[in-house]
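Examination of the molecular architecture
Residue-level listing of the chains:
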Protein chains: 2
Amino acid sequence: MADEALSAGVVARRLGIAVTTLRTWHQRYGLGPSEHVPGRHRRYTPADLIRLETMRRLTANGVAPAEAARWAVQAPDAALPGPAPRTEGRGARDGGGGATIPVGRSGPAARGLARAAMRLDSNAINEVIDRAIRTGGVVVTWDTLLRPVLAGLGERHAATAALIEVEHLVSRCVSEAFAAVVRAHAPNGPPRILLSCADEEQHSLPLEALGAALAEAGIAHRLLGARVPVRALLGAVHRTGPAAVVLWSQTRSTADPTQLTALLAGPRRPLLVFAAGPGWRADSLPAGVVRPANLAEALSLAAAVRDSLDQSAAG
Amino acid sequence: MADEALSAGVVARRLGIAVTTLRTWHQRYGLGPSEHVPGRHRRYTPADLIRLETMRRLTANGVAPAEAARWAVQAPDAALPGPAPRTEGRGARDGGGGATIPVGRSGPAARGLARAAMRLDSNAINEVIDRAIRTGGVVVTWDTLLRPVLAGLGERHAATAALIEVEHLVSRCVSEAFAAVVRAHAPNGPPRILLSCADEEQHSLPLEALGAALAEAGIAHRLLGARVPVRALLGAVHRTGPAAVVLWSQTRSTADPTQLTALLAGPRRPLLVFAAGPGWRADSLPAGVVRPANLAEALSLAAAVRDSLDQSAAG
DNA sequence: AATTCGACGCATGAATCGACGCAACTCGTA
DNA sequence: TACGAGTTGCGTCGATTCATGCGTCGAATT
């Protein structure tokens, strides 16, 4: 019983791919059981499994399947290539197939992330995200990796009414990755920036990205969750007295300018109010509200707030 | 002491299978009398009988014989999908009830956590939670610290329609803490346990607690998020073929037994299906569903699943 | 004398095989 | 911007291979 003879189905399930894909990999790339008589069932040895795991890991990191297979065949235990798989000018075609997530030309990492997500492989997802954040930082990772994948996922999900579980899993992984960033970077000083979703707004990931970026920049913040009613927001502002408030609205339906007005009119009025997110309409914003265009801009604006506070606090 | 040595024929008749099948099970799966000299007659002890009964029950429920045998050999007395799930001692717990559970006498840590939550001080919240998990483990922390606080918070929030932001913040912190636990403990082996919320169910924190506890015990798992439609759940099961599925339902309205039935009837039927959470009603569960009473029980059951199936080579 | 043993073989249903094709994605080119 | 070419994962179909429960047979056990 020590000689495990794993069947195709078992292996496929373990890798999170379809049985047919296993067969395809075998006949297209030669990536199959070391001993296999045509017509007979395939029996995967542990060594074969390792090879397949390598294949999985490489594709999860954005390597084109054909290349990954070539690699896996001759160097089963190979680690990942260089620090950042910068693919530029390479002619290696890499398309997607089957039920995938469209990521466009967002780089190999996005493709790998999409692939790992389709397999519900949270470990691979975490690995990709962590690596990206470690090498490129939060802002770049958000703009070039996470947002494209999440957008593609949402689009596909809206169209197909499927992949909901994939979307949730990825969201959770992203959220966790950002949380890890916040935890890793020690928060110095009291949080003077409050991040909050608009009322009824349930997408909090962009705010979490901003939070992680702030933490990365050494700026402490406070992040309320999704669906924050106006009353709760005002209460939080009143009790914590933040210098700046960022209010996120993903869709137009949650972008009620009244919330912003209430913020500006309430007691302990924050120095600065940001209306972030694509939901807000520029022409309907009350005066005194800043509308950052993207994550980087929001980050720099927030940093400016922090700096100005430091100066004023010097007295 | 009444160590009845049952003969093969008697055992076969009692189990309702052929004598030859008994012999086959012995030589094919090693599922036979603990002591047996080749050529001599087999004598089955009560312990052996229990093992065989397990085997029969599992196969009767559609589990593949080879896997069932593996389970029966090393986890003979584990709780199993029985025809009449009469395991129920009345609601000794249930977090979604109506009992008044303010933080009350849940220990000083709970009080401190509640205070930090009121201040929206995520750093302090994290600190308290992390310390608790580090000293007492996930299960204890959940039962004695987090659940009381969350329950009290939810109750007050339901009554006052306020403190929503506090609840969200605490939830996020708890979620992050669990995620950190999962990340810290390296996942060994492929995840064979799938955790998922029932359709429409939006409380995923208890499942995350289970996931963290599993990770703490070195058991890999896969956690889908909240609000998983039945179709998505079935798709995930089909694609990943988990050994066990835990379906969480917090309130009665989300506890549709149809979901469980679909799980058991679908292709790639999981070996074990758990109906977890206070939403489920014991008398409405389909046969073959296990209903763990609390986090600790769910953990031990899941651990049993892992043990019975884990003999794979480490990657 | 009644069972049981070990070995062999058979019938059947599940799993897999090989081949084919589809759909979706990316990229180069017009 | 649109369109064709190349990739790739996976669903489907008829045939085949495997796994599994059990019957049969001569010899041994109880």
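Counting restarts for each chain: residues are numbered from 1 in the order of the written sequence. Chain A is the first chain written and ligand 1 is the first ligand written, with later ones labelled in order. Local features in a predicted model are, by the rule used here, given only for residues with pLDDT of at least 70; side-chain atom pairs are given and counted only at 80 or more, and totals for whole chains, interfaces and linings are based on all residues. Excluding hydrogens and water, the side-chain values take into account all heavy atoms of the structure.

**Observations regarding helix α2 (residues 19–29) of chain A**
Residues and elements named next belong to chain A. Turning to α2, its buried residues number three or more, namely Leu22, Trp25 and His26. The arc enclosing the buried residues of α2, seen along the axis, measures out at 100°, which places them on a common side. Seen from the buried face of α2, the exposed residues on the opposite side, beyond 90 degrees, are Gln27 and Arg28. For α2, the elements touching its buried residues are α1 (8–15) and α3 (46–60). The secondary structure listing takes helices from DSSP runs of H or I that are at least 4 residues long and strands from runs of E that are at least 2 residues long, numbered from the N terminus. Where α2 ends, the next residue or the one after it, Gly30, has phi of about 75°, a positive value. Only protein chains enter the accessibility calculation, which uses a 1.4 Å probe; a residue whose area is less than 20% of its type maximum is buried, one above 50% is exposed, and one in between is partly exposed. Regarding the arc, it is the one traced by the directions from the helix axis to the C-beta atoms. Only heavy atoms matter for contacts: two residues are in contact if any of them lie within 4.5 Å across the pair.

**Some thoughts on the protein's contact with DNA strand C**
Think of it this way: one heavy atom of a residue within 4 Å of a molecule or strand is enough to make that residue near it. The immediate surroundings of DNA strand C are formed by 32 residues, with Arg23, Arg42, Gly104 and Arg156 of chain A together with Arg23 of chain B found nearest. The definition of a polar contact used here is a pair of N or O atoms within 3.5 Å, where within protein one atom must be able to donate a hydrogen and the other to accept one, and adjacent residues in sequence count solely through side-chain atom pairs. The backbone of Val103 of chain A places a nitrogen or oxygen atom 3.0 Å from a phosphate oxygen of DNA strand C. With respect to DNA strand C, the side chain of Arg23 of chain B contributes an N or O atom lying 2.6 Å from a base nitrogen. Mapped by element, the contributors of at least two residues to the surface near DNA strand C are α1 of chain A together with α1 (8–15) of chain B.

**Regarding the protein's contact with DNA strand D**
Residues in close proximity to DNA strand D total 32 residues, the closest being Thr21 and Arg28 of chain A together with Thr21, Trp25 and Arg28 of chain B. When atoms of DNA strand D within 4 Å of the protein are sorted by moiety, sugar and phosphate together comprise 63%. At 3.5 Å from a phosphate oxygen of DNA strand D is found a side-chain nitrogen or oxygen belonging to Arg43 of chain A. Between DNA strand D and Ala66 of chain B there is a distance of 3.1 Å, counted from a phosphate oxygen to a backbone nitrogen or oxygen. Residues were grouped as follows: Ala, Val, Leu, Ile, Met, Phe, Trp, Tyr, Cys and Pro as nonpolar; Asp, Glu, Lys and Arg as charged; and all remaining residues, including Gly, as polar. Here the residues of the surface near DNA strand D sort into twelve nonpolar, 14 polar and six charged.

**A short note on the interface of chain B and chain A**
The partner chain A presents 38 residues to the 38 residues of chain B that form the contact. By buried area we mean the combined loss of accessible area, with a 1.4 Å probe, across both parts when two parts are placed together. Around 3,400 Å² of area is buried between chain B and chain A when both sides are counted, 51% of it from carbon and sulfur atoms. It is Glu165, Arg183 and Arg239 of chain B in chain B that bury the most area against chain A; as a group they hold 20% of the surface buried on that side. The term salt bridge refers to a side-chain nitrogen of Lys or Arg lying within 4 Å of a carboxyl oxygen of Asp or Glu. The tally of links from chain B across to chain A stands at six salt bridges. The partner of Glu176 of chain A in a salt bridge is Arg183 of chain B, and the shortest N-O contact between them spans 4.0 Å. Secondary structure elements with two or more residues in the side of chain B that touches chain A: α6 (122–160), α7 (164–184), β2 (222–223) and α9 (230–240) of chain B. No other element matches α7 of chain B, which puts twelve residues into the side of chain B that touches chain A. Partitioning the side of chain B that touches chain A into residue classes produces 18 nonpolar, eight polar and twelve charged.

**Thoughts on the confidence of the model for chain A**
Residue and element names in this part refer to chain A. Averaged over all residues, the pLDDT of chain A equals 86, while 88% of them reach at least 70. Scored from 0 to 100, pLDDT reflects the predictor's confidence in each residue. Averaged pLDDT values for the elements of chain A fall to 77 in helix α11 (residues 295–313) and rise to 96 in α2. Within the model, pLDDT remains below 50 along residues 82–92, and this stretch shows eight contacts once partners closer than five positions in the same chain are excluded.

**As for the sheet that holds strand β3 (residues 244–248) of chain A**
All names here are of chain A. Reading across from one edge, β2-β1-β3-β4-β5 is the order of the five strands in this open sheet, with parallel pairing throughout. If you trace the sheet from one side to the other, it starts and ends with β2 (222–223) and β5 (289–290), each paired once. Of the strands in this sheet, β1 (193–197), β2 and β3 touch helix α9 (residues 230–240), which is tilted by about 170° from β1. Strands are labelled as partners when DSSP assigns at least two bridges between them. Think of each axis as a best-fit line through the C-alpha atoms, taken over the contacting stretch in the case of a helix, with angles from 0 to 180 degrees between the N-to-C directions.

**Comments concerning the sheet that holds strand β4 (residues 272–276) of chain B**
All names here are of chain B. The strand order across the open sheet formed by five strands is β2-β1-β3-β4-β5, and the pairing between neighbours is parallel. Unpaired on one side and paired on the other, β2 and β5 (289–290) mark the two borders of the sheet. Taken together, the five bridges between strand β3 (residues 244–248) and β4 define a ladder with parallel strand orientation. Bridge assignment links Ala244 to a residue of β4, and that residue is Leu272. Against the sheet, helix α10 (residues 257–265) touches β3, β4 and β5, its axis set at about 170° to β4.

**A short note on the pairing of strand β1 (residues 193–197) of chain B**
Residue and element names in this part refer to chain B. Judged by how many residues are buried, β1 sits mostly within the fold: five of five residues are covered. Residues Ile193, Leu195 and Cys197 point to one face of β1 and Leu194 and Ser196 to the other, with burial holding for every one of them. With two bridges joining them, β1 and β2 adopt parallel strand pairing. Bridge pairing links Leu194 to Arg222 in β2. Orienting the strands away from the viewer, one traces the path from the first strand over the helix to the second; a clockwise path indicates a right-handed crossover. In terms of handedness, the path from β1 via helix α8 (residues 205–216) over to β2 forms a crossover that is right-handed.

**So, the packing of aromatic side chains**
Residues and elements named next belong to chain A. Each aromatic pair joins two rings of Phe, Tyr and Trp (for Trp, the six-membered one) with centres within 6.5 Å, and gets the label stacked for planes under 30 degrees apart, edge-to-face for over 60, and tilted for any other angle. Throughout the structure, instances matching the rule amount to two aromatic pairs over all chains. With 6.1 Å between their ring centres and 50° between their planes, Trp142 and Phe178 make a pair best called tilted. Of this pair, Trp142 sits in helix α6 (residues 122–160) while Phe178 sits in helix α7 (residues 164–184), and the two are 36 residues apart along the sequence. Of the two residues examined, Trp142 and Phe178, each falls in the buried class.

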